[in-house]
Amino acid sequence: MIDELDRAFDDDHDEDPRQQLPPGEASRQRRRFGWMRSVLAMGLALVLLGALGIGAVVVYQKISGALGTSDWETSADGTEVQIEIKSGDTQAEIARTLKAAGVIASEKAFIEAGERNPDALRIQPGYYRMRTHMSAEDAVLRLLDLKNRIVNGITIPEGLSSFRVFKLLSAKTGIPEDDFKAAAKDPIALGVPDWWFNRTDDKKVKPSVEGFLFPDTYEFAPNATAESMLRVMVNRFLTVTGSMNFAETVPAQLGGIAPYEALIVASLAQAEAGNADDFGKVARVAYNRVYKRIPDLTCACFQFDVTVNYSRELAGKDPKPSSGLSHDELTDEKNPYNRNAEGMIPTPINNPGKAALEGAMSPPKGDWYYFVATDKEGHSAFSETFEEFCEDNETAVKNKVLKQSSC
């Protein structure tokens, strides 16, 4: 606009000289135009300053909004939601979970509330009942109150066969046993790597989930299925054996024995040892009997009654005490789990714990072929010859562990 006034002023001086203003008039017009320019310039300056002022207010509002912390007052109208705190979650990750579920107004509010409450570092992993529209401070307190934690803990004892595991899981969760049996039909689909079923003998392997359902205490998700539960248990087995370097150590220390064969032996040790101290020695007996046959033995076999009882479970029958098993049952040649079956049996007979796995992975050296429990604490005596074994039987009888010698 000022430029246009200048041009107008200049245009006035470009007119024909005959139209020139009288003396003094030009000076008055220049003063008038100069005053107008000053007023317009001042107006434009005020407009610019106003615009800058409005912008500054907007910027300030945005900055102040960013610096402020959004939070709610806990509402009685909030609805219940379930959230999961995963193992290893940081405060920021917990905050994101709560924000996404509508529990808190902002992640920053929860982090700040956690900083004010040092107990927030004790929030445990698991599933929690929370409510939407909670203050960050109340959300922290609710997570610290274990009454709000959804506890679905199920303890799987060491040495249960898969069939007993299914029965226990079904009783605890209400999921039918048949669902677990159906999910277990394909152990590779549950996460067991196919190489686990490799063997060093010529026996064919029909993949089984037996041995891979690691015994532990589990907290399954409230909506867990039979398949997802078994997946969790298989994953725990892989995690534990991986941390032990089980698959690498077994062939290196045991002359090329396959990890699967060592898993079978671990299950035998779990079933036969009356005391955890004897896991390794029982495993050594099993290896010696199958891989280091001596003339005293009529077969390269285990001669353990527990293998026969497992075959009963496979057939849908209940196990029996050893005294209840007939000679025909114990020695049925059609049964690959019979006492005198040559070589390694087809599968593990239960799901061994870590101590039994360690015993099978790194058993003590010894030429033992026999053992028998000799005291009430379950400790066994191990022997190299049948004569020594019979002497140990007499000790067991004297200690009232056995009613009569098995020799």
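Residues numbered from 1 in each chain as written. Predicted model: local features only at pLDDT ≥ 70, side-chain atom pairs only at ≥ 80, totals over all residues. Heavy atoms only, no water.

For the chain, the name recorded in an unreviewed UniProt entry is Endolytic murein transglycosylase, with Catellatospora aurea as its organism. The Function (unreviewed entry) comment attached to the chain in UniProt states, word for word, "Functions as a peptidoglycan terminase that cleaves nascent peptidoglycan strands endolytically to terminate their elongation." Its UniProt record gives the chain a comment under Subcellular location (unreviewed entry), which states: "Cell membrane". (UniProt positions renumbered as here; feature names shortened; annotations may be inferred.)

A. Looking closely at the state of the cysteines. Tallying each qualifying case throughout the model produces two disulfides. Covalently, Cys299 is tied to Cys301 through a disulfide, its sulfur atoms 1.6 Å apart. Note that Cys390 is cross-linked by a disulfide to Cys407, the S-S spacing being 2.2 Å. A torsion of -110 degrees about the S-S bond marks the disulfide between Cys390 and Cys407 as left-handed. Of the two residues, Cys390 sits in helix H15 (residues 386-398) while Cys407 sits in the segment after H15, which places them 17 residues apart along the sequence. What makes Cys390 buried here is its relative accessible area of 17%. (Disulfide = S-S within 2.5 Å. Helix = DSSP H or I, 4+ residues; strand = E, 2+ residues; numbered from the N terminus. Buried < 20%, exposed > 50% of the residue type's maximum accessible area, 1.4 Å probe, protein only.)

B. Molecular detail of the packing of aromatic side chains. All chains considered together, the criterion is met by 19 aromatic pairs. Where Phe212 meets Phe237, the ring centres are 5.0 Å apart and the plane angle is 80 degrees; that geometry is what we call edge-to-face. Residue Phe212 is located in the loop between helix H7 (177-183) and strand E5 (217-219), and its partner Phe237 is located in helix H8 (residues 226-244); the two are separated by 25 residues in the primary sequence. Its relative accessible area of 0% is what places Phe237 among the buried residues. Here the aromatic cluster, defined as three or more aromatic residues joined through ring pairs, consists of Trp195, Trp196, Phe197, Phe212, Phe237, Phe246 and Tyr260. Seen from the ring of Tyr370, Arg289 lies directly overhead, with NZ or CZ sitting 5.3 Å from the centre. (Phe/Tyr/Trp six-rings, centres within 6.5 Å; stacked < 30°, edge-to-face > 60°. Lys NZ or Arg CZ within 6 Å of the ring centre and 35° of its normal.)

C. Just the UniProt feature "site: Important for catalytic activity" (unreviewed entry) in the chain, in detail. UniProt feature "site: Important for catalytic activity" (unreviewed entry): in the numbering of this structure it lies at Glu272. Along the chain, Glu272 turns up in helix H10 (residues 259-272). What makes Glu272 partly exposed here is its relative accessible area of 22%. Not counting residues up to four positions away in its chain, the partners in contact with Glu272 are Val282, Phe304, Asp305, Val306 and Phe371. (Contact = heavy atoms within 4.5 Å.)

D. Highlighting the nonpolar core. Counting residues in each nonpolar core, the largest one holds 66 residues, and the members touching the most others are Leu169, Phe212, Leu230 and Met233. Where this core is concerned, the elements lending two or more residues are helix H6 (162-173), H7, H8, helix H9 (246-253), H10, helix H11 (279-291) and helix H14 (354-361). The next biggest cluster of nonpolar side chains, apart from the first, holds 20 residues, and it includes Ile94, Val103, Ala109 and Tyr128. (Core = buried A, V, L, I, M, F, W, Y, C linked by side-chain atoms within 4.5 Å.)

E. Just the side chain of Arg199, in detail. Mapped onto the elements, Arg199 comes out in the loop between H7 and E5. At 3.2 Å, the side chain of Arg199 forms a polar contact with the backbone oxygen of Ile345. Setting aside residues no more than four positions away along its own chain, Arg199 makes contact with Val205, Ala258, Tyr260, Glu261, Ile264, Met344, Ile345 and Pro346. (Polar contact = N/O pair within 3.5 Å; in protein donor to acceptor, adjacent residues only side chain to side chain.)

F. Focus on the environment of Ser311. Relative to the assigned elements, Ser311 resides in helix H12 (residues 305-314). We classify Ser311 as buried; its relative accessible area is 15%. Sequence separation of Ser311 and Tyr337 is 26 residues, and the distance between their C-alpha atoms is 6.2 Å. With residues up to four places along the chain from it excluded, the contact list for Ser311 reads Asn335 and Tyr337.

G. Representation of the pairing of strand E7 (residues 380-383). Residues Ser380 and Phe382 of E7 are buried on one face, and the alternating residues Ala381 and Ser383, pointing to the opposite face, are buried as well. Pairing of strand E6 (residues 370-373) with E7 involves four bridges; the strand directions are antiparallel. Bridge pairing in E7 places Val372 opposite Ala381. (Pairing = 2+ DSSP bridges.)

H. Summary view of the packing of H10 against H11. Relative orientation of the contacting elements H10 and H11 amounts to 125 degrees, with a least axis distance of 9 Å. As summarised for this structure, H10 and H11 are arranged oblique, according to the angle between their axes. Handedness of the crossing formed by H10 with H11: right-handed. Between H10 and H11, the contacting residues are Glu261, Ala262, Val265, Leu268, Ala269, Gln270 and Glu272 on the first element and Phe279, Val282, Ala283, Ala286, Tyr287 and Tyr291 on the second. Looking at the contact of H10 with H11 residue by residue, the classes come out as ten nonpolar, one polar and two charged. (Axes fitted to C-alpha atoms, helices over the stretch in contact; angles between N-to-C directions. Parallel < 35°, antiparallel > 145°, perpendicular 65-115°, else oblique. Left-handed = near helix turned anticlockwise from the far one by under 90°. Nonpolar A, V, L, I, M, F, W, Y, C, P; charged D, E, K, R; others polar.)

I. Geometry of the layout of surface pockets. Of the voids in this model, the largest pocket is the one considered here, and its volume is about 1000 Å³. What lines the largest pocket is a set of 32 residues, and nearest its centre among them are Asp305, Arg339, Phe371, Phe389 and Ser406. Elements represented by at least two residues in the lining of the largest pocket include exactly H11, H12, E6 and H15. In terms of residue count, E6 provides more of the lining of the largest pocket than any other element does, four residues in total. Each residue belonging to the lining of the largest pocket can be placed in one class, and the counts come to 16 nonpolar, ten polar and six charged. Volume-wise, the second largest pocket comes out at about 380 Å³. Class assignment for the residues of the lining of the second largest pocket results in ten nonpolar, three polar and five charged. (1 Å grid on protein atoms, 1.4 Å probe; cavity = no way out; pocket = protein on both sides within 12 Å on 5 of 7 lines; lining within 4 Å. Points joined across faces, edges and corners; volume = space filled by probe spheres on them.)

J. Spotlight on the pattern of salt bridges. What the rule picks out here adds up to twelve salt bridges. Note that Arg164 is salt-bridged to Glu313, the shortest N-O span being 3.9 Å. Of this pair, Arg164 sits in helix H6 while Glu313 is found in helix H12, placing the two residues 149 residues apart along the sequence. For Arg164, a relative accessible area of 42% corresponds to the partly exposed category. Because the salt bridges share partners, they merge into one network encompassing Arg312, Lys320 and Glu329. (Salt bridge = Lys/Arg side-chain N within 4 Å of Asp/Glu carboxyl O.)

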